[in-house]
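Structure assessment
Here are the chains, one letter per residue:
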Amino acid sequence: MSGSPPASTDIRLLQVAYGDEEPLARRVERVANLVRQQQGADLVVLPELWAHGGFSYQSWQEEAEPLTGPTISALREAARDAQVVLHGGSVIERPADSSALYNTAVVIDRHGEITATYRKMHRFGFSEGEPQLLTAGDQVATVELDLAGRSVPTGLATCYDLRFPELFRMLTYNGMQVLFLVAAWPKARVDHWRVLAQARAVENQVVVLACNTAGTHAGVTMGGHSMIVDAQGRVLAEAGDTEEVLSMVLDLGGVDTARASFPCYSTAGSNHGSHDPGAGGARTTPAPGSPITH
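Summarised in this report is the structure supplied together with it. (Residues numbered from 1 in each chain as written. Predicted model: local features only at pLDDT ≥ 70, side-chain atom pairs only at ≥ 80, totals over all residues. Heavy atoms only, no water.)

Observations regarding the overall build of the chain
As a reminder, the rule being used: For the purposes of this entry, the term helix denotes a DSSP run of H or I that reaches at least four residues, the term strand denotes a run of E that reaches at least two, and both are numbered from the N terminus. Here's how the labels work: a residue is buried when its accessible area is under 20% of the maximum for its type, exposed when over 50%, partly exposed in between, all with a 1.4 Å probe on protein chains only. Two residues qualify as a contact provided that any one of their heavy atoms is within 4.5 Å of a heavy atom in the partner residue. Exposure was quantified through the Shrake-Rupley algorithm and a 1.4 Å probe, taking into account, for residues, occlusion by the shown protein chains and nothing else.
Per the secondary structure count, the chain includes eight helices and 16 strands. Burial status across the chain gives 56% buried among its 294 residues. Across the chain, the fraction of contacts at a sequence separation of at least 24, relative to all contacts at a separation of at least 6, is 69%. Surface accessibility of the chain: about 11,800 Å² in total, with carbon and sulfur atoms responsible for 51%.

What follows is the structure, encoded as structure tokens:
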């Protein structure tokens, strides 16, 4: 974003609330219509597994779908109708050519085209849940987005990833200046959510768009408190614990200002060698310790 003129970006985080009694098809229709209502925004963000349920493990096998399935198709149409860039949160993905399941985040442009995907690397659960049911991703993802007339390098992360700072440093070395953090983070640990989101912003000098769910999933109460955090770790806007559209107009050029005034990021880069963020477009990089796949 360096050298670009100041530009205000209209950002909407859709903190979706739901319970187990709401059928999947009805929720998809409701949320797609909520996206359409954000016409005039530049960027709209949905939370992790808002359709398939963050803790609804028992239904994932049955409800998993490819990225050509009904949930992502509805979001692509909604983004096109509203003319917004949409981070569609994540879905339980079953690729057409595989029986594996992934927790996959999707970014969609104003034309309804998928511009980036990210399969969650750090699966939550210790003896059940995600590690038992899902395959871990092995690629970090950054993507350049056209927001308010400027090219903005963004990085993708999902929920439990937040506890692993090395992922975010790799995203930053790949050029990230704005972090999408989508989650189904429970109320029991919402204090961790707040402090870790601020920490990731401070240590990487990035804007953090942290979009959580609300409601109750499989008996687990969600934490809400979606946040917009600036590159100095200040919480600029924060939602409550019910369904809410958290809206803010923000100059994303503040990242350049933060890094110029306190250049710890450039010092870290020089201590670890050269890290070329590369050209625009979606980019994936093998995760630390992961095999390189092609």
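Continuing now.
A closer look at the pattern of salt bridges
Heads up, the rule is: By definition, a salt bridge exists where a carboxyl oxygen of Asp or Glu is found within 4 Å of a side-chain nitrogen of Lys or Arg.
Under the criterion given, the structure shown has 15 salt bridges. The salt bridge involving Glu22 is made with Arg30; its shortest N-O contact spans 2.8 Å. Judged by its relative accessible area of 14%, Glu22 is buried. With its nearest N and O atoms 2.8 Å apart, the salt bridge here joins Glu238 to Arg194.

Re the environment of Leu196
Residue placement: Leu196 occurs in helix H6 (residues 190-204). Given the relative accessible area of 18%, Leu196 is considered buried. In this structure, Leu196 is in contact with Leu162, Arg163 and Trp185, ignoring residues within four places of it in sequence.

Overview of the nonpolar core
Which entries qualify depends on this criterion: Among the buried residues, those of types Ala, Val, Leu, Ile, Met, Phe, Trp, Tyr and Cys that are joined through side-chain atoms within 4.5 Å form a nonpolar core.
Leu179, Trp193, Val208 and Leu209 are the most contacted members of the largest nonpolar core, which totals 53 residues. Setting aside its immediate chain neighbours within four residues, Leu179 contacts Gly155, Leu156, Ala157, Phe168, Leu171, Val206, Val207, Val208 and Leu209. By size, the runner-up hydrophobic cluster in this structure holds 25 residues, among which are Leu14, Val44, Ala51 and Ile108.

Concerning the packing of aromatic side chains
We count it as follows: Here a pair means two rings of Phe, Tyr or Trp (six-membered ring of Trp) with centres within 6.5 Å. Their orientation is stacked below 30 degrees between planes, edge-to-face above 60, and tilted elsewhere. Criterion for a charge above a ring: Lys NZ or Arg CZ within 6 Å of the ring centre, and within 35 degrees of the ring normal.
A complete count under the given rule lists six aromatic pairs for this structure. Plain terms: the ring middles of Phe55 and Tyr57 are 6.1 Å apart, the flat faces sit at 50° to each other, and that makes the pair tilted. There is no split in this pair, since Phe55 and Tyr57 are both buried. With 5.3 Å between their ring centres and 80° between their planes, Tyr160 and Phe164 make a pair best called edge-to-face. On the accessibility criterion, Phe164 (23% relative accessible area) is partly exposed. The ring of Tyr102 has Arg119 sitting right over it, with the charged end atom 3.8 Å from the ring centre.

Details of helix H5 (residues 165-173)
Turn by turn, an α-helix covers 3.6 residues, leaving residues three or four places apart pointing in a common direction. For H5, the set of buried residues is Leu167, Phe168, Leu171, Thr172 and Tyr173. One or two positions beyond H5, positive phi appears at Gly175, with a value near 110°.

Looking at empty space enclosed by the protein
For clarity, the threshold we go by: Lining residues are those with an atom within 4 Å of a point, where the points come from a 1 Å grid over the protein atoms alone and group into cavities, where a 1.4 Å probe fits but cannot get out, or pockets, open sets with protein on both sides within 12 Å along at least five of seven lines. Grid points are joined across faces, edges and corners, and a volume is the space filled by probe spheres set on the points.
Summed over the entire model, instances satisfying the criterion amount to one cavity of 30 Å³ or more. Within this model, the largest cavity holds a volume of roughly 130 Å³. What lines the largest cavity is a set of 14 residues, among which Phe55, Phe124, Cys159, Ala184 and Pro186 lie closest to the centre.

Quick look at the sheet that holds strand S3 (residues 43-45)
Our working rule: In this scheme, strands are said to pair when DSSP sees at least two bridges between them. Axis definition: a line fit to C-alpha positions, over the contact stretch in the case of helices; interaxial angles, taken between N-to-C directions, run 0 to 180 degrees.
Here six strands make up an open sheet; going across it, the order is S6-S5-S4-S3-S1-S15 and the pairing mixed. Only two strands of the sheet have a single neighbouring strand rather than two, namely strand S6 (114-119) and strand S15 (244-251). Direction aside, neighbouring strands of the sheet carry axes that sit 20° apart on average. Note that strand S5 (residues 102-108) and S6 share five bridges and pair antiparallel. Its bridge partner lying in S6, Thr104 is registered against Arg119.

Some details on the side chain of Gln15
Under the convention used in this document: We define a polar contact as two N or O atoms separated by no more than 3.5 Å, with the added condition that, inside protein, one atom must be a possible hydrogen donor and the other a possible acceptor, whereas residues neighbouring each other in sequence contribute only through side-chain atom pairs.
Assignment of secondary structure puts Gln15 in strand S1 (residues 8-15). At 3.1 Å, the side chain of Gln15 forms a polar contact with the backbone nitrogen of His225.

Overview of the environment of Ser226
Among the secondary structure elements, Ser226 is positioned in the loop between strand S12 (220-221) and strand S13 (227-229). For the pair Ser226 and Leu181, spaced 45 residues apart in sequence, the C-alpha to C-alpha distance is 9.6 Å. Here Gln15 takes part through its side chain, which lies 2.8 Å from a polar atom of the side chain of Ser226. Here the side chain of Ser226 touches Asn212 through a polar contact of 2.8 Å, landing on its backbone nitrogen.

As for the packing of helix H1 (residues 24-36) against helix H3 (residues 70-82)
Selection criterion: Working definition: roughly parallel below 35 degrees, roughly antiparallel above 145 degrees, roughly perpendicular at 65 to 115 degrees, and oblique for all remaining angles. Take the far helix as the reference: if the near one is turned anticlockwise from it by less than a right angle, the crossing is left-handed, and if turned clockwise, right-handed. Lys, Arg, Asp and Glu make up the charged group, whereas Ala, Val, Leu, Ile, Met, Phe, Trp, Tyr, Cys and Pro make up the nonpolar group; the residues left over, Gly among them, are polar.
The N-to-C vectors of H1 and H3 enclose an angle of 20°; their axes lie 8 Å apart at closest approach. Here H1 lies roughly parallel to H3, going by the angle between them. Crossing geometry of H1 relative to H3 is assigned as right-handed. Seen from H1, the contacting residues are Val28, Ala32, Val35 and Arg36; seen from H3, they are Pro70, Thr71, Ala74, Glu77, Ala78, Ala79, Asp81 and Ala82. The class makeup of the residues in the contact of H1 with H3 is eight nonpolar, one polar and three charged.

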